[in-house]
Amino acid sequence: MADTPVGRGDPLDVLRRATPARVALGRAGQGLPTAPMLAFQLAHARARDAVRAELDPERMIRALARPAIVVSSAAADRAAYLADPNLGRRLAPGTPALPWGEYDLAIVVADGLSATALHAHAAPVAAALLARLADLRIAPMVVARQARVAIGDPIGQGLGARLVVVLIGERPGLSAADSLGAYLTWDPRPGRRDSERNCVSNIREPGGLAPAPAADKIAWLVRAALRLGFTGVDLKDREEIVPRLDLAGARPSGARRIFRSDPGL
Amino acid sequence: MYACDLAGTRYGFRDLKILLAAATPFRSGDQLAGLGAASAEERIAARYALADLPLDTLLEDLVVPYESDEVTRLIIDTHDKAAFAEISHLTVGAFREWLLSNDTDAARLTAVAPGVTPEMAAAVCKLMRNQDLIAVARKITVTSAFRNTLGLPRRLAVRLQPNHATDDLRGVAASIIDGLLMGCGDAVIGVNPATDNIDTARGLLELIDDIRLRLEIPTQSCVLTHVTNTLELIALGAPVDLTFQSIAGTEAANRGFGVDLALLSEAHEATLALGRHELGDNVMYFETGQGSALSADAHHGVDQQTLEARAYAVARPFRPLLVNSVVGFIGPEYLYDGKQITRAGLEDHFCGKLLGLPMGVDVCYTNHAAADQDDMDDLLTLLGVAGVNFVMGVPGADDVMLNYQSTSFHDALYVREVLGLRPAPEFEAWLARIGLSGGGGRILPYDQAQAAQQELLGRLDHG
């Protein structure tokens, strides 16, 4: 039995309503009551499952409802992928040449740290994005396994695209294991720095940036990049002048500066 | 060239940094950097060679060149020869025994600290088992003070970390109130802001300062933003207690953080000049973590534990109130699992204390690391035994802004209880004044009949 009351009539209830943080959990001795302890373990279990989840390329292509090229990174499995991020940034040795063309945009869907996020949200985001950018020359879509954000660099280069958008599963948190990120890189080629990219993060529904407003934001960045001829920190600064789509209780969405130490890139 | 012969096999190590890397317990970050022993036997061969190495060799064979790195210059130019004299005749292996010796007490360890370089600390650390790291650290007392006294024996302070995904002031206030009601917040009430916005940081500082003043809490506040932002906040007249900065062990890695020693000096002087400190003049808060130099491509082929110790040398001249290693934050490519995080946490605490720094540890992990709450319980308990100055207090251990798991208010109460540790004395007296501490120093549940507690809860709507 918990030593402190939890629930109705508890004067600390006002704290619970004021933040999504795990406040006023009650106590059993010095420790946690069983209910909040198990709630934490459930959230962590979901996050761990999402990290370990494997991308199912056929299911992904069915959801995308259009033909796509499936590639793998140089990481042979999940363990190698987690231990050496560089492997996830390169295409597997022996990957066939991608069909080159005069493309404005390439779209890559990549598992990243949450295939769960990709399966949950990538198809509606991709469809919404394509609908907003129908006038552009768009390369065949690519599905990438065991991939980090930078996998978009060799893929975009191989396709001959001026700009690449990578839709990728973000590192799962306890509040969400299915959050998708979109990273834009102008003139993609290996060696691009993370500061040369723009990002729209926390795409998920419910609880985050829904696919339609996410596609609005990505499409805005795509057109701005095509017009200006760059992505990265400078584009971010200009982007600040458009209305922010921050959501109460959610991680700040929209383009943000990316640091190399960002876990999970 | 360093070498060791083991049953007819000769193991050679071209220079000190290769030897140090080879002697280091295995971790993913060194493997990622292409460093470390090629076999388990080679690792022990490196430890034999390291054990025979005279300590003064570490002042000559430099792991990062003196000419190209201001951190190396700081280490060499400020090395205290007089303090070093007591251990100058020792090898690294004998230094380990000297540290463990029953004749080496707190006073001798404190006296020798300015003569210990980070490379010496890192070298001996590689020869030490986890129990050695705990036993020696436990003997060392490093105190610091601002509005209360931190680091006293048998005390454990907590940084209250009330982060919120959008820096919502009411949300931050809710976490602060929850933490204070759980007896946490004596190390600092310190928020990581979600953005770089100066007005937001100022709002957060004013919120914490208002709660502190109204409740007369003997603690200090901090918004963990870039040092240049804090300098701007100081110029604007915001209530800055501590200046925060992430630091690393090489000049290039610090450049990646947008800082150098001159900028840190400027911030240190500006913060001191505010004169907001009362009991002591320790006004800086630094965070570090193994792997930060490699992630900035600034590791110079040096193993991550040695570079981490060098980060403490960067902190040392600024006499910080708080230094903490955010040990599991960086991810599994640097520290793969609970075992590696645990080892690194003990190493960082030991090396920092040996160098004379007021060390805390953010006992933490991300969801892509092979670790869980049980690993955190283990490391927290070990660090409590080792005498860590402070740990983090995050509501329910779940940081909803940084998306990682740290230690909770409950965890702090647990470790204080099982090890008989108490909050900072001034803060402990405050807890008693507002009716929050009961018999044996245990934290009591919220009591509406206590006016001060009601006033604290009421700050939720006056932030």
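Please refer to the structure higher up on the page.
Residues numbered from 1 in each chain as written. Chains lettered and ligands numbered in written order. Predicted model: local features only at pLDDT ≥ 70, side-chain atom pairs only at ≥ 80, totals over all residues.

1. Some words on the interface of chain A and chain B
Step number 1: With 44 residues of chain A in contact, the opposing surface of chain B contributes 41 residues.
Step number 2: Listing elements by their share of the side of chain A that touches chain B, those giving two or more residues are α1 (13–18), α2 (34–52) and α4 (78–83) of chain A.
Step number 3: The element contributing the most residues to the side of chain A that touches chain B is α2(A), with 6 residues.
Step number 4: The class makeup of the residues in the side of chain A that touches chain B is 25 nonpolar, 10 polar and 9 charged. (Contact = placed C-beta atoms within 7 Å. Helix = DSSP H or I, 4+ residues; strand = E, 2+ residues; numbered from the N terminus. Nonpolar A, V, L, I, M, F, W, Y, C, P; charged D, E, K, R; others polar.)

2. Remarks on the nonpolar core
Step number 1: Counting residues in each nonpolar core, the largest one holds 231 residues, and the members touching the most others are Val108(A), Leu167(A) and Leu19(B).
Step number 2: Leaving out residues up to four positions away in the same chain, Val108(A) has contacts with Val142(A), Ala144(A), Ile151(A), Gly152(A), Ile155(A), Val164(A) and Val166(A). (Core = buried A, V, L, I, M, F, W, Y, C linked by C-beta atoms within 7 Å. Buried ≥ 20, exposed ≤ 12 C-beta atoms within 10 Å, placed from the backbone.)

3. With respect to the packing of helix α8 (residues 118–126) of chain B against helix α17 (residues 338–354) of chain B
All names here are of chain B.
Step number 1: Direction vectors running N to C along α8 and α17 enclose 140°, while the axes themselves pass 10 Å from each other. What the angle tells us is that α8 and α17 run oblique. Relative to α17, α8 is oriented so that their crossing is right-handed. In contact with Pro 118, Ala 121, Ala 122 and Cys 125 of α8, α17 contributes Glu 347, Phe 350, Cys 351 and Leu 354.
Step number 2: Residues of the contact of α8 with α17, tallied by class, amount to 7 nonpolar, no polar and 1 charged. (Axes fitted to C-alpha atoms, helices over the stretch in contact; angles between N-to-C directions. Parallel < 35°, antiparallel > 145°, perpendicular 65-115°, else oblique. Left-handed = near helix turned anticlockwise from the far one by under 90°.)

4. Looking at the pairing of strand β12 (residues 390–393) of chain B
Residue and element names in this part refer to chain B.
Step number 1: As paired strands, strand β5 (residues 157–160) and β12 are joined by 4 bridges and run parallel to one another. For Ala 157, the partnering residue across the bridge sits in β12 and is Phe 390.
Step number 2: As paired elements, strand β11 (residues 359–362) and β12 share 2 bridges and run parallel to each other. Considered in β12, the bridge of Val 361 is made with Val 391.
Step number 3: Assessed by its sense of winding, the connection that carries the chain from β11 through helix α18 (residues 373–386) to β12 is right-handed. (Pairing = 2+ DSSP bridges. Right-handed = clockwise from strand over helix to strand, strands pointing away.)

5. Some details on the pairing of strand β3 (residues 141–145) of chain A
Consecutive residues of a regular strand have side chains that alternate between opposite faces of the sheet.
Residues and elements named next belong to chain A.
Step number 1: Buried residues dominate β3, accounting for 4 of its 5 residues.
Step number 2: Here strand β1 (residues 68–72) runs beside β3; their pairing, made up of 5 bridges, is parallel. When the sheet's bridge partners are listed, Val 70 is paired in β3 with Val 143.
Step number 3: Taken together, the 3 bridges between strand β2 (residues 103–110) and β3 define a ladder with parallel strand orientation. Directly across from Ala 110, in β3, lies its bridge partner Ala 144.

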